[in-house]
Amino acid sequence: MLNVLRFATLLFVLVTFNCYSQTTSLEINDEIIPIRNSKNLDFKGWTNFYFSEEDCKCVYGGEFFVAIKKSAAPTKYLIVSLQGGGACWPGIIQCKPTTSSSDVEKAAFASEVATRSSKDWHQVFIPYCDGSVYMGNATQDYDADGVIDHWHEGLKISLATSSLTKRQFPGISNIFLTGFSAGGYGTILHLRLLRQLYPDASIYVLNESGPGLFRPAADFWKMIKSSWNLDALVPDDCEYCESQMLYWYDEMLKDDKVKIGLFSTYHDEVIGQGFLNMAPDDYKSLLVRSTDHLNSKYPNQFKRFFIQGTSHFIEDRNYKLNGTCYWDWIIGLINEESNWQDLLEE
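Quick summary incoming for the structure in this document. (Residues numbered from 1 in each chain as written. Predicted model: local features only at pLDDT ≥ 70, side-chain atom pairs only at ≥ 80, totals over all residues. Heavy atoms only, no water.)

### Observations regarding the sheet that holds strand E12 (residues 258-265)
Backbone-to-backbone hydrogen bonds join strands into a sheet, with any given pair of strands oriented parallel or antiparallel. Basically, it comes down to this: Only strands that DSSP links by at least two bridges are regarded as paired with each other. Only runs of H or I of at least four residues qualify as helices and only runs of E of at least two qualify as strands under DSSP, and these elements are numbered from the N terminus. In this description, contact between two residues means that some pair of their heavy atoms is separated by no more than 4.5 Å. For helices, the fitted line uses only the C-alpha atoms of the stretch in contact; every axis is such a line through C-alpha atoms, and the angle between N-to-C directions lies from 0 to 180 degrees.
With mixed pairing, ten strands are arranged side by side in an open sheet as E1-E2-E3-E7-E4-E10-E11-E12-E13-E16. Each of the sheet's edge strands pairs with one partner strand only, and the pair in question is strand E1 (36-39) and strand E16 (343-344). When strand E11 (residues 202-208) meets E12, the two strands line up parallel, connected through six bridges. Opposite isoleucine 203, over in E12, you have valine 258 as the bridge partner. Contacts from helix H5 (residues 182-197) reach strand E4 (77-82), strand E7 (122-126), strand E10 (174-180), E11 and E12 within the one sheet, and its direction differs from that of E10 by about 155 degrees.

### Let's talk about empty space enclosed by the protein
Put simply, the rule reads: Only protein atoms enter the calculation, which uses a 1 Å grid: trapped sets of points that fit a 1.4 Å probe without letting it out are cavities, open sets showing protein on both sides within 12 Å along at least five of seven lines are pockets, and any residue with an atom within 4 Å of a point is a lining residue. Grid points are joined across faces, edges and corners, and a volume is the space filled by probe spheres set on the points.
Counted according to the given criterion, the structure contains one cavity of 30 Å³ or more. Empty space within the largest cavity amounts to approximately 130 Å³. Lining the largest cavity are 13 residues, and of these Ala87, Val133, Tyr185, Ile271 and Phe275 lie nearest its centre. Among the secondary structure elements, those contributing two or more residues to the lining of the largest cavity are strand E5 (86-89), H5 and helix H8 (269-275). If one sorts the elements of the lining of the largest cavity by residue count, E5 sits on top with three residues.

### Let's talk about the state of the cysteines
What counts is decided by this rule: The disulfide criterion used throughout: a pair of cysteine sulfur atoms within 2.5 Å. A simple rule labels every residue: compare its accessible area, found with a 1.4 Å probe on the protein chains alone, to the largest value its type can have, and call it buried under 20%, exposed over 50%, or partly exposed in between.
Under the counting rule described, the total for this entry stands at three disulfides. Each disulfide pairs two cysteine sulfurs, and for cysteine 88 the partner residue is cysteine 95, the sulfurs being separated by 1.9 Å. Across the S-S bond linking cysteine 88 and cysteine 95, the dihedral sits near -85 degrees, which makes this disulfide left-handed. By the burial criterion, cysteine 88 is buried, and cysteine 95 matches it. Indicated for the protein chain is the disulfide connectivity 1-4, 2-3, 5-6, based on numbering the bonded cysteines in sequence order. With no disulfide of its own, cysteine 56 lies 9.3 Å from the sulfur of cysteine 129, the closest cysteine sulfur.

### Quick look at the layout of surface pockets
Under the convention used in this document: Three residue categories are used. Nonpolar comprises Ala, Val, Leu, Ile, Met, Phe, Trp, Tyr, Cys and Pro, charged comprises Asp, Glu, Lys and Arg, and polar comprises the others, including Gly.
In this structure, the largest pocket occupies an estimated 410 Å³ of space. The wall of the largest pocket is formed by 19 residues, among which Lys106, Phe109, Phe180, Glu208 and Arg317 lie closest to the centre. At the level of elements, E4, helix H3 (108-116) and E10 are the ones that each hand at least two residues to the lining of the largest pocket. When the residues that make up the lining of the largest pocket are grouped by side-chain class, the tally is nine nonpolar, six polar and four charged.

### Notes on the pairing of E10
E10 sits mainly inside the fold: six of its seven residues count as buried. Two strands pair when backbone bridges link them, and E4 and E10 are joined in this way by six bridges, in the parallel orientation. Note on E10: the bridge partner recorded for valine 80 is leucine 177. The sheet contact formed by E10 and E11 spans seven bridges and is parallel.

### Structural notes on helix H10 (residues 326-335)
Taken across its ten residues, H10 has eight buried, putting it largely inside the fold. For H10, the complete set of buried residues consists of Tyr326, Trp327, Trp329, Ile330, Ile331, Gly332, Leu333 and Ile334. Glutamate 336 sits one or two residues past H10 and shows a positive phi near 55 degrees.

### Some details on helix H4 (residues 154-168)
Rules: One fewer than the residue count of a helix, multiplied by 1.5 Å, yields its expected span.
Helix length check: H4 (15 residues) gives 21 Å between terminal C-alpha atoms against 21 Å at 1.5 Å per residue, within 8%. Among the 15 residues that make up H4, 13 are buried, leaving the element largely enclosed by the rest of the structure.

### Focus: the packing of aromatic side chains
The following threshold applies: Within 6.5 Å between ring centres, the rings of Phe, Tyr and Trp (the latter by its six-membered ring) count as paired, and their orientation is classed by plane angle as stacked under 30 degrees, edge-to-face over 60, tilted in between. Throughout this description, the term charge over a ring refers to an Arg CZ or Lys NZ atom that lies within 6 Å of the ring centre and within 35 degrees of the ring normal.
Applying the stated criterion to the full structure yields 20 aromatic pairs. Aromatic ring contacts, followed pair by pair, group Trp89, Tyr185, Phe214, Phe220, Trp221, Trp228, Trp248 and Phe275 into a single cluster. Above the face of the tyrosine 50 ring, arginine 36 is positioned so that its terminal group lies 4.2 Å from the ring centre.

### A word on the environment of glutamate 315
Here glutamate 315 is to be found in the loop between strand E13 (302-307) and strand E14 (320-321). Judged by relative accessible area, which is 68%, glutamate 315 ranks as exposed.

### Description of the pattern of salt bridges
Here is the rule we go by: By definition, a salt bridge exists where a carboxyl oxygen of Asp or Glu is found within 4 Å of a side-chain nitrogen of Lys or Arg.
Under the criterion given, the structure shown has 14 salt bridges. Between glutamate 208 and arginine 317 there is a salt bridge whose closest N-O contact spans 2.8 Å. Of this pair, glutamate 208 sits in strand E11 while arginine 317 sits in the loop between E13 and E14; the two residues are 109 residues apart in sequence, bridging distant segments of the chain. Given the relative accessible area of 4%, glutamate 208 is considered buried.

### So, the packing of H4 against H5
Keep this limit in mind: Each helix crossing is assigned a hand: it is left-handed if the near helix lies turned anticlockwise from the far helix by less than a right angle, otherwise right-handed if that turn is clockwise.
It is the contact of H4 with H5, at a shortest axis distance of 10 Å, that shows an interaxial angle of 35 degrees. The two elements H4 and H5 meet at a crossing, and its hand is right-handed. Residue-level contacts link Leu155, Ser158, Leu159, Thr161, Ser162, Ser163 and Lys166 of H4 to Leu189, His190, Leu193 and Leu197 of H5. Here the residues of the contact of H4 with H5 sort into five nonpolar, five polar and one charged.

Written out as structure tokens, the structure reads:
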């Protein structure tokens, strides 16, 4: 019963985002805290914070942790990175099921960003294991044998880790939020959470190959929303938000201290064909059309780096598009430089 009350309270916090509440969620989220922490033996400087499985569990019921690396020098800069790892819903059981200390290897990209930006950064790395792109609030029996076999606790995990982040790093002025694949989808919610907890910070989002898109069919979205229990998360008064998570960014882009960069290949075969079961050109059309909407509405805040191909990831971040190296484009986003442009490969 206590866990039910805890989560009901956490969910109340999230509802306030649709009203742009300025009330901090720290006092409410303090109910769910790590039960222990230990140095990550695989990666120097990182500490793993473990949560009780009663509070936050992985999709098959396993233990969840978040990893934190504090800057050696005082800083007001923070990187939050979200790991990818598939998704689970009826007919698609392809989600990363557990966390491991070795997951922190995926934070290497964020560490490289920190080095290239010539700034000191605290870092938070959130492993992925909820199967619901960091948003779910549901238990499911996907094999229909009468026994629960999947726990989608992405929302609880996201709220608890955001609260821990604020407790560890209360005085932050600049945030770089990044995620790949399912982690890219996860930036959509985590941007809301970080804005709630850090109302005055500048927030820069890099979403790599997690564009927040779903097959544009009413029954498909209804299935996703039901499987993960997303009703409470859909922004109010948003015409397009009921079918595509990408548009959930819209409410946050009304804040001119938020900048979002999105990378994708036009025919990403993992998202477009593997998970959404769309023809390649249909997926490209959806990707371009949907992102055109946000870019035209917020041309100085939402920009793309779209390239030809079917890969789910950029194989070389030194790749150049219209003379701009992708690495420079990323740093340009963070530093608000002129080379951060909207780039679509012909």
